[in-house]
Amino acid sequence: MKNFAILDLPGPEFLNVFGLVVIIVLAAVYLCIRLADRTDRRPPPPVPQNPDAMEVAFLQGGVNQVIRTLIYDLAQRGFIALAPKDHVIPTESQPQPGELNAMETLLLEAAQAKPKAHVLFEDRSLRRRLLEQLAPIRAKLAAEELIKPASVKIWRRRAQIGGTLIIVGVALAKIAVEWSKGPANLAYLIFLAAASVAALFALAYVMTRTHASRRGHAYLEAMRLAYGERLQAAVAHIGSPGPEARAFHGAALFLIGLYGFSPLKGTTEAMFAETFSRGSQSQGSNCGSSCGGSCGDGGASGGGD
Amino acid sequence: MAAIDAPALGSGIGYRPQFRADLFAHRDRIDFLEIVADHYLDATREKLDELDLLRSHFPLVAHGLDLSIGGADGVDPRYLGKIAALIERIDPPWWSEHLCFTRAGGVRIGHLASLPYTQEAIDAVARNVDYLRRRIKTPLILENISCVVRVPGAEMDEAEFLTRTLEATGCGWLCDVANMHVNAMNFGFDLDAQFERWPWERLVQIHYAGGRARNGLLIDSHDAPTSDAVWTLYERVVARAPVKAVLLERDENIPPFSELIGEAERARATLVENRRWR
């Protein structure tokens, strides 16, 4: 190792070089992950005339967003309600046979135990069964290259491993060289190496945390641009007796699918935003605490690609 | 022979952001959109995204307001540069402006002002069109405007002025049937009698709209449903001349979108009846 001149550099100069290495590694990691998703070479599909709320929800935030949308739907239809301490409880109203589809039935069954909101997101069995029901939607989105390709996950892992090996390897080499010369203060180098690896993992997480591919993001953005203003305006009429409120019901699921519960803050239905911001991360674009590192597969927590 | 070589676009609506969501929800019932060019000249990122979104979903044409094509002091090169950039961005089959002036002596008058119906005015328009064609190759079509007052000293009537201007410039015609009707009513000329004197061979696009009467004058205010009289004129024009596109203008008192679609579909039915559209 003594053949490597940079390892013999004095501390401050070595740290400059080490910082440069870290920057190059982070840039390489960014490029690896970015280039693994080249779905944006194609323009996004046309904005749908009648958006499917579940499709939008799944694309926007995976299973978590689907759960939010289903809960709002069932609450609107009077089958479940939000109770104190973030509990989701069934009401006395019972659906007629055939009134609910399979996913709605799964959610209603899960609500029979009066769980706290976060429990719904952590229920692996529920997530798995929802994913089974979502398989056709998932296949359709994958065929359109709207969800992240499997290559992103592969390259993320490769980039994380490779980047970590380079950063830690350079740091360890310097430590070995310095120790071979005698006692040395290497605390700052160790701290810097640890922080760099953390930054590398954070970068990889941020770049891959969403379910949608780059093409999928462009598609969601197009939908927001086309319909968002109207949906946001409609939120103002929640709870009012006028025709605007009736019109809103038609758009409500699409709104929740596209934005999550956050637009409901400040409305008579703000309790959804409050309850579920405690139950899961309220921005639909993330996988929530229960994702289990499986971002990119719809939050399957093992449901797999 | 057609005034310009461009595809037919069918029945469209003048785009206004207020009904953007409705537009996308009923995309299959609108054949094309016309954007007001001036709304996108110094556009924010969001407006440009909107423009790109519209362009990726609809055929677009651009309609300018403030070029002052009839201005004796020429076209503002900065304004023209912005229009050229917009036209390049959306690449429409044609674009349109009003046959009028909106600036004089360097002062913006904020209004579509009628040109004097004189040869001198025709020459000014021709000079300006020549100048702007050096920047913009996309065909320009010129729209007849509604007049509140007419400039004294006219050497010809509106039909002749328009015909000679289009001949001198080689431009196509954007026929605003509502403006024709308004001018006929307000200035008391017999549109039926002089119908054949208008330059139908140069027709490219039609605008139609509703207006209202105020103090005994008809105003082309784009704030009401198209009147029966304008529909009658529209139908006569479509039957008379090949037209590539017809467009509803509505700026104020915007009704439920279904009413706008109803008007656009009525206009399309006339196109289809006359084999101007598929």
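Here the structure is a predicted model, which is why all the values come from computation and not from measurement.

Draft legend 1. Seen up close, the overall build of chain B. The helix and strand inventory of chain B stands at eight helices and 12 strands. Taking 19 Å as the expected radius of gyration for a compact globule of 278 residues, we find that chain B reaches 18 Å, a close match to that expectation. The principal-axis extent of the C-alpha atoms belonging to chain B is close to 50 × 40 × 40 Å. Across the 278 residues in chain B, those meeting the buried criterion constitute 45%. In chain B, once contacts between residues fewer than 6 apart in sequence are set aside, the share between residues at least 24 apart is 80%.

Draft legend 2. Structural view of helix 3 (residues 102-111) of chain A. Within the sequence span of helix 3 of chain A, burial applies to A:Leu106, A:Leu107, A:Ala110 and A:Ala111. Within helix 3 of chain A, the buried residues cover an arc of 135° as seen down the axis, which keeps them to one side.

Draft legend 3. Region of the structure containing the sheet that holds strand 9 (residues 203-208) of chain B. Residue and element names in this part refer to chain B. Strand order in this closed barrel of eight strands is 1-2-3-4-7-8-9-12, and the pairing throughout is parallel. Averaged over all pairs of adjacent strands, the angle between their axes in this sheet comes to 25°, without regard to strand direction. Note that strand 3 (residues 60-63) and strand 4 (residues 95-98) share two bridges and pair parallel. Its bridge partner lying in strand 4, Ala62 is registered against Trp95.

Draft legend 4. Spotlight on the confidence of the model for chain A. Considering every residue of chain A, the mean pLDDT works out to 84; 85% of them sit at 70 or more. Of all helices and strands in chain A, the one with the weakest mean pLDDT is helix 10 (residues 243-259) of chain A (67), whereas helix 6 (residues 135-143) of chain A scores best (96).

Draft legend 5. Broad picture of the interface of chain B and chain A. Every contact between the two is made by 11 residues of chain B and, on the other side, 10 residues of chain A. At the level of elements, helix 1 (20-25) and helix 2 (45-57) of chain B are the ones that each hand at least two residues to the side of chain B that touches chain A. Looking at the side of chain B that touches chain A, the element that brings in the most residues is helix 2 of chain B, giving five residues.

Draft legend 6. Fine view of the nonpolar core. Among the nonpolar cores identified, the biggest contains 127 residues, and B:Val177 and B:Tyr208 are the most heavily contacted of them. The dominant element in this core, judged by the number of residues it contributes, is helix 2 (residues 53-76) of chain A, at 13 residues. In this structure B:Tyr208 touches B:Val177, B:Ala178, B:Thr226, B:Val230, B:Tyr234, B:Val246, B:Leu248 and B:Ala267, once residues within four positions along its chain are discounted.

Draft legend 7. Broad picture of the environment of B:Met180. Residue and element names in this part refer to chain B. Checked against the element boundaries, Met180 lands in helix 6 (residues 177-187). Judged by C-beta crowding, with 24 C-beta atoms within 10 Å, Met180 ranks as buried. Distance in space between the C-alpha atoms of Met180 and Glu143 is 10 Å, their sequence separation being 37 residues. Beyond its immediate chain neighbours, meaning those up to four positions away, Met180 contacts Asn144, Leu191 and Leu233.

Draft legend 8. Structural view of helix 5 (residues 124-133) of chain A. Residue and element names in this part refer to chain A. All of the buried residues along helix 5 are Arg127, Leu130 and Leu131. Taken end-on, helix 5 shows its buried residues confined to a sector of 100°, consistent with a single buried face. Turning to helix 5, the residues buried within the fold contact helix 2 and helix 3.

Draft legend 9. Spatial organisation of unusual backbone geometry. All names here are of chain A. In this structure, Lys85 takes a positive phi of about 60° despite not being glycine. Within the secondary structure, Lys85 sits in the loop between strand 1 (80-83) and strand 2 (87-90). The residue Asp86 is not glycine, and still its phi comes out positive at about 65°. One can find Asp86 in the loop between strand 1 and strand 2. When the 18 C-beta atoms within 10 Å are taken as the criterion, Asp86 is described as partly exposed.

Draft legend 10. Spatial organisation of the environment of A:Tyr259. For A:Tyr259, the location among the structural elements is in helix 10. For the pair formed by A:Tyr259 and A:Thr69, sequence separation is 190 residues and the distance between their alpha carbons is 10.0 Å.

Draft legend 11. Region of the structure containing the environment of A:Arg68. Residues and elements named next belong to chain A. With respect to the element layout, Arg68 can be found in helix 2. Sequence separation between Arg68 and His118 is 50 residues, and the spatial gap between their C-alpha atoms is 11 Å. If sequence neighbours within four positions are ignored, Arg68 has contacts with Ile256, Gly260, Phe261 and Phe276.

Draft legend 12. Examining the pairing of strand 3 of chain B more closely. Residue and element names in this part refer to chain B. Across the two faces of strand 3 the burial is the same, with Leu60 and Ala62 and Val61 and His63 all buried. Relative to strand 3, strand 2 (residues 32-36) runs parallel, the two being bridged by four bridges. Paired with Glu34 across the bridge in strand 3 is Val61. Crossover handedness for the path strand 2 to helix 2 to strand 3: right-handed. In this fold, strand 3 hands off to helix 3 (residues 77-90), which returns the chain to strand 4; that crossover is right-handed.

Draft legend 13. Representation of the packing of helix 6 of chain B against helix 7 (residues 228-240) of chain B in the model. Residues and elements named next belong to chain B. Interaxial distance between helix 6 and helix 7 falls to 9 Å at its minimum, and their mutual angle equals 120°. As the angle between them shows, helix 6 and helix 7 are arranged oblique. Regarding helix 6 and helix 7, the two cross each other, and that crossing is right-handed. Here Val177, Ala178, Met180 and His181 of helix 6 come into contact with helix 7, specifically with Ala229, Val230, Leu233, Tyr234 and Val237. Across the contact of helix 6 with helix 7, the residue classes break down as eight nonpolar, one polar and no charged.

Reading the values: rules and limits
- Residues numbered from 1 in each chain as written.
- Chains lettered and ligands numbered in written order.
- Predicted model: local features only at pLDDT ≥ 70, side-chain atom pairs only at ≥ 80, totals over all residues.
- Helix = DSSP H or I, 4+ residues; strand = E, 2+ residues; numbered from the N terminus.
- Rg over C-alpha atoms; globule rule 2.2 N^0.38 Å.
- Buried ≥ 20, exposed ≤ 12 C-beta atoms within 10 Å, placed from the backbone.
- Contact = placed C-beta atoms within 7 Å.
- Arc of directions from axis to C-beta.
- Pairing = 2+ DSSP bridges.
- Axes fitted to C-alpha atoms, helices over the stretch in contact; angles between N-to-C directions.
- pLDDT = per-residue confidence, 0-100.
- Core = buried A, V, L, I, M, F, W, Y, C linked by C-beta atoms within 7 Å.
- Right-handed = clockwise from strand over helix to strand, strands pointing away.
- Parallel < 35°, antiparallel > 145°, perpendicular 65-115°, else oblique.
- Left-handed = near helix turned anticlockwise from the far one by under 90°.
- Nonpolar A, V, L, I, M, F, W, Y, C, P; charged D, E, K, R; others polar.

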